[in-house]
Amino acid sequence: MRHFFSVNQLDEVEIMEILRMAEQLQQKQCAIEQQRFAANLFFEPSTRTKMSFLVAERKLGMEVLDFHQETSSTQKGESLYDTAKTFQAIGANLLVIRHPADDWFHELKDQLSIPIINAGAGKEEHPTQCMLDLLTIYQEFQQFNGINVVISGDILHSRVAKSNAQTLKRLGANVYLSTVDGCKDETLDFPYITMDEAVEICDVLMLLRIQHERHQEVAIDQSSYLRKFGLTKERERNMNPSAILLHPAPINRGVEIDSDLVECERSRIFKQMNNGVYIRMAIITKLLRAWGISYEANTQKREKVVING
Amino acid sequence: MRHFFSVNQLDEVEIMEILRMAEQLQQKQCAIEQQRFAANLFFEPSTRTKMSFLVAERKLGMEVLDFHQETSSTQKGESLYDTAKTFQAIGANLLVIRHPADDWFHELKDQLSIPIINAGAGKEEHPTQCMLDLLTIYQEFQQFNGINVVISGDILHSRVAKSNAQTLKRLGANVYLSTVDGCKDETLDFPYITMDEAVEICDVLMLLRIQHERHQEVAIDQSSYLRKFGLTKERERNMNPSAILLHPAPINRGVEIDSDLVECERSRIFKQMNNGVYIRMAIITKLLRAWGISYEANTQKREKVVING
Amino acid sequence: MRHFFSVNQLDEVEIMEILRMAEQLQQKQCAIEQQRFAANLFFEPSTRTKMSFLVAERKLGMEVLDFHQETSSTQKGESLYDTAKTFQAIGANLLVIRHPADDWFHELKDQLSIPIINAGAGKEEHPTQCMLDLLTIYQEFQQFNGINVVISGDILHSRVAKSNAQTLKRLGANVYLSTVDGCKDETLDFPYITMDEAVEICDVLMLLRIQHERHQEVAIDQSSYLRKFGLTKERERNMNPSAILLHPAPINRGVEIDSDLVECERSRIFKQMNNGVYIRMAIITKLLRAWGISYEANTQKREKVVING
């Protein structure tokens, strides 16, 4: 067999030979399956989160299945559930999913026999972002108790504002919100303050991206936003010397923050991205352990595979 | 040299140094080339087949070159032949190709010096799907002789119906077809039966996806298809206790099959996907052997590379 | 923790456990970071260059981060600078960038702490292509002195014509240009000759693709181009027996070259592609050395990672 174009090339003996070889490969799973596969299913654009998971997975020695929605069978109408089950069937040991639906994970929850990580659910949740924000604050202050955190920007459309606010409060921090009308989330029970007040009191200023693409009805005026509600150089000067600046990125330079402040001394924006890799490694590790999936084996030398038949 | 932006950075001595280093790397192929590269060239959407090949290749220790048509030079009008030759030139040891043309492999056949696997050719052939269907049936019945197989659904547009029917017949199975007008393939010489008859006699019911996107002239009525021609719960109850259910997926839930039956006890749909990985490993193994390409070496530890110059 | 859908799943103890595990992973960098990551950021279509870098990187044992612009945060308006910094932050040790701007690398130059390779800058520069062309000529003639090189085709829009002409001249070659009006680059100080003259004198005929997509105002007549300005079979017969033929591809078969000549005996077109892998390996090696990034370690066995906590 020099190429494989058609089953008509194969006689009955050859067909049976291939079937038996496949069965043999399947049964030897333990011998050749020291690999663990992570499938990254992103149904929305992402640079940071997707690449961060990829780096985390590779650092843990996992194989990565990189799904591209635009060239997948979801183009033929396949559901998220069927796509997820498919990846499980072909050997994924972990699914990392970002999907525009707010509650996509509810239908998957009890239906798969492998762990799933939420890498973004509509505008509701983005828990690994929340965890990396926590890590960045923790590395600065070694605790959360009594820390003043102000979350500012497009709170309504952010999938980190809500979980960050609630989790920081649980950990003992004092949480404030600051934004323009039209970006407020009325379901959140935290005090709203002005940006001028925010810079005075905060230990952590957590800026959020204005998601212009989601403000179709009442447009936010970009040109005046910075001056009225964003972090200008003037406001930055009023911040406490030890206060730090966070932003999940991508950044609208000149809108929520003066472009020159993106890499100022108190900015931890790129530190957050770096922390993202390690928080994801920790979460993956915890999950694989909970499921009894040994991943340590991945980083060992793989044995020589000899296939008879 | 801190970055490489322009040849103008390099003086003549540096240019010659790089040229000689490249030659040295090229000549040492045996030392550093324990890697084998598989290039997956998919010119049509795919989740299952593409990811299944990827898993198969990685399990065999192969490196994978993941081609994305939409960001490739085929956008500048490059032909399949030139694309295939390019991958061979840059070091691919195996090509896996899916392309919308029914006979794309004819022009490549004798022109490349590496094995090629057909991962889908227009509406004509999809031989690795056929092989994984055979494996799934074989695992159930340990043979094909006298097994009653009914292929049902969009036979006309399916690239597995034809080869499955003919190959199963060659292996001794009794093959029947069942579908609606407009989905029949008049070139196939097998008896057509109704779905009610099908469920009564079959050992294997092989459902095919209704490919709505290809029925532009006479639309198939989705709402009545299930009741008239698909696998309803009522019909499923009339199947032989040991009879099994196959579908190559993606599935139109509620069209060719009642959604609740996708994971019923007799369904082997996700088993098929799992089998796909191992059948592809077997086929790749056979091809690499036929060409004298050792792949076993890939799973060994790679040696330290030291480059002088 | 069976899945990770929300931070609300975690109690305070679990949150702190994950934060500490992440910190531990981050601090152990030396132990687990024998991997080196290359990020390939292509903002324009590419088959050859992108896949060639991928093969080069994998042959050097590097991990590859494959960026897809169309599903990235550049869709949310993120700048090249912020994207590049992001990849640095998540762990890239090398950036390979192709971007439509002619001078994209000027803004990145002194702002990153990792090496960057230009894989194509607008219509100005494509230095790794230049280097692989040089390697192909060098392998043929073992030197450049006195070699007659004719560059023919869409000189105006080519990002290799300029650097090839100037670099070959620096290395002692005699460089001529040959093309149609509308494809001439008036900034280049080399003699223009006809294609009939070119084939008589050249040792190296370097053909360039007619970039139809860039000729929006004055269309090039494809049907007559070959006869008037391209390499026909008649002209090829007048070439010196030892003269060779180069083309960076993709090729417009039947426009700049008769389709039958693409793989003629004097063609080095696919040899160029093969050389591209090794020249890129050499350049990457030189850069990583200049930055003190050891890549040799990558090809060694990775040690078992044990994570406490």
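Residues numbered from 1 in each chain as written. Chains lettered and ligands numbered in written order. Predicted model: local features only at pLDDT ≥ 70, side-chain atom pairs only at ≥ 80, totals over all residues. Heavy atoms only, no water.

Overview of the interface of chain A and chain C
With 64 residues of chain A at the interface, the matching set in chain C holds 54 residues. Summing both sides of the interface, chain A and chain C together bury roughly 5800 Å²; the carbon and sulfur share of this comes to 60%. Counting the contacts that link chain A with chain C gives six salt bridges. Note that Glu263(A) is salt-bridged to Lys85(C), the shortest N-O span being 2.8 Å. The tally of links from chain A across to chain C stands at 24 residue pairs in polar contact (both at pLDDT 80 or more). For the side of chain A that touches chain C, the secondary structure elements donating two or more residues are helix H3 (48-59), helix H5 (104-108), strand S4 (116-121), helix H6 (127-141), helix H7 (161-170) and helix H11 (269-290) of chain A. For the side of chain A that touches chain C, the element with the most residues is H11(A), which contributes 16 residues. (Contact = heavy atoms within 4.5 Å. Buried area = accessible area lost by both parts, 1.4 Å probe. Salt bridge = Lys/Arg side-chain N within 4 Å of Asp/Glu carboxyl O. Polar contact = N/O pair within 3.5 Å; in protein donor to acceptor, adjacent residues only side chain to side chain. Helix = DSSP H or I, 4+ residues; strand = E, 2+ residues; numbered from the N terminus.)

Focus on the relation of the copies chain B and chain C
For the pair of chain copies, the relating transformation is a rotation about an axis with a translation along it. Mapping chain B onto chain C calls for a rotation angle of 120° and an axial translation of 0.0 Å; the resulting RMSD is 0.0 Å. Those values place the two copies in the arrangement expected of a three-fold rotation axis. (Least-squares fit on C-alpha atoms with pLDDT ≥ 70 in both.)

Regarding the layout of surface pockets
Roughly 580 Å³ of volume is contained in the largest pocket. In this structure, the largest pocket is lined by 34 residues; those nearest its centre are Arg98(A), Arg159(A), Ala249(A), Pro250(A) and Lys76(C). Put simply, the parts of the chain that give the lining of the largest pocket at least two residues each are H3, H6 and H11 of chain A. Of the residues assigned to the lining of the largest pocket, the class counts are ten nonpolar, 14 polar and ten charged. (1 Å grid on protein atoms, 1.4 Å probe; cavity = no way out; pocket = protein on both sides within 12 Å on 5 of 7 lines; lining within 4 Å. Points joined across faces, edges and corners; volume = space filled by probe spheres on them. Nonpolar A, V, L, I, M, F, W, Y, C, P; charged D, E, K, R; others polar.)

Quick look at the UniProt feature "binding site: L-aspartate" (unreviewed entry) in chain A
Taking the UniProt record as the reference, the feature "binding site: L-aspartate" (unreviewed entry) is found at Lys76(A), Arg159(A) and Arg209(A). A maximum C-alpha distance of 33.4 Å among these annotated residues, which run over 134 residues, shows that they spread across the structure rather than meeting at one spot. Within this annotated set, the largest pocket is lined by Arg159(A) and Arg209(A). Leaving out residues up to four positions away in the same chain, Lys76(A) has contacts with Pro45(B), Arg98(B), Arg209(B), Glu213(B) and Pro250(B). Take Arg209(A): it is sitting in the loop between strand S7 (204-207) and helix H9 (222-229). Judged by relative accessible area, which is 9%, Arg209(A) ranks as buried. What Arg209(A) contacts, discounting residues up to four positions off in sequence, is Asp154(A), His247(A), Pro250(A), Asn252(A), Glu256(A) and Lys76(C). (UniProt positions renumbered as here; feature names shortened; annotations may be inferred. Buried < 20%, exposed > 50% of the residue type's maximum accessible area, 1.4 Å probe, protein only.)

Things to note about the sheet that holds strand S5 (residues 148-152) of chain C
Residues and elements named next belong to chain C. The four strands are arranged S6-S5-S7-S8 in an open sheet whose pairing can be described as parallel. Each edge of the open sheet carries a strand with a single partner, namely strand S6 (174-178) and strand S8 (244-246). For this sheet, the mean inter-axis angle between neighbouring strands, taken without regard to orientation, is 20°. Pairing between S5 and strand S7 (residues 204-207): four bridges, direction parallel. Bridge pairing in S7 places Val149 opposite Val204. (Pairing = 2+ DSSP bridges. Axes fitted to C-alpha atoms, helices over the stretch in contact; angles between N-to-C directions.)

Re the pairing of strand S5 (residues 148-152) of chain B
All names here are of chain B. Burial analysis of S5 places five of its five residues in the buried class, the great majority of the element. Burial along S5 is two-sided: the face carrying Asn148, Val150 and Ser152 and the face carrying Val149 and Ile151 are both buried. By the bridge criterion, five bridges tie S5 to strand S6 (residues 174-178) in an arrangement that is parallel. Paired with Asn148 across the two strands is Asn174, which belongs to S6. In the classification by handedness, the crossover that spans S5, the intervening helix H7 (residues 161-170) and the parallel S6 is right-handed. (Right-handed = clockwise from strand over helix to strand, strands pointing away.)

Overview of the side chain of Asn148(B)
All names here are of chain B. Positionally, Asn148 belongs in strand S5. At 3.2 Å, the side chain of Asn148 forms a polar contact with the backbone oxygen of Ile201. The contact partners of Asn148, leaving out residues within four places of it in the chain, are Asn174, Tyr176, Ile201, Cys202, Asp203 and Val204.

Details of the packing of helix H1 (residues 12-27) of chain B against helix H11 (residues 269-290) of chain C
The interhelical angle for the contact between H1(B) and H11(C), taken along N-to-C directions, is 115°, at an axis separation of 8 Å. Considering their axes alone, H1(B) and H11(C) lie roughly perpendicular with respect to each other. For the pair H1(B) and H11(C), the sense of crossing is right-handed. Between H1(B) and H11(C), the contacting residues are Glu17(B), Ile18(B), Leu19(B), Met21(B), Ala22(B), Leu25(B) and Gln26(B) on the first element and Lys271(C), Asn274(C), Asn275(C), Tyr278(C), Ile279(C), Met281(C), Ala282(C), Ile283(C), Thr285(C), Lys286(C) and Arg289(C) on the second. Per-class residue counts for the contact of H1(B) with H11(C) are ten nonpolar, four polar and four charged. (Parallel < 35°, antiparallel > 145°, perpendicular 65-115°, else oblique. Left-handed = near helix turned anticlockwise from the far one by under 90°.)

Let's talk about the sheet that holds S5(B)
Residue and element names in this part refer to chain B. Strand order in the open sheet made by the four strands is S6-S5-S7-S8, with parallel pairing throughout. The two strands at the open ends of the sheet, each matched to only one other strand, are S6 and strand S8 (244-246). Strand-to-strand twist in this sheet, taken as the mean axis angle between neighbours without regard to direction, amounts to 20°. Each of S5, S6 and strand S7 (204-207) touches H7; the most contacted strand, S5, lies at about 170° to it.

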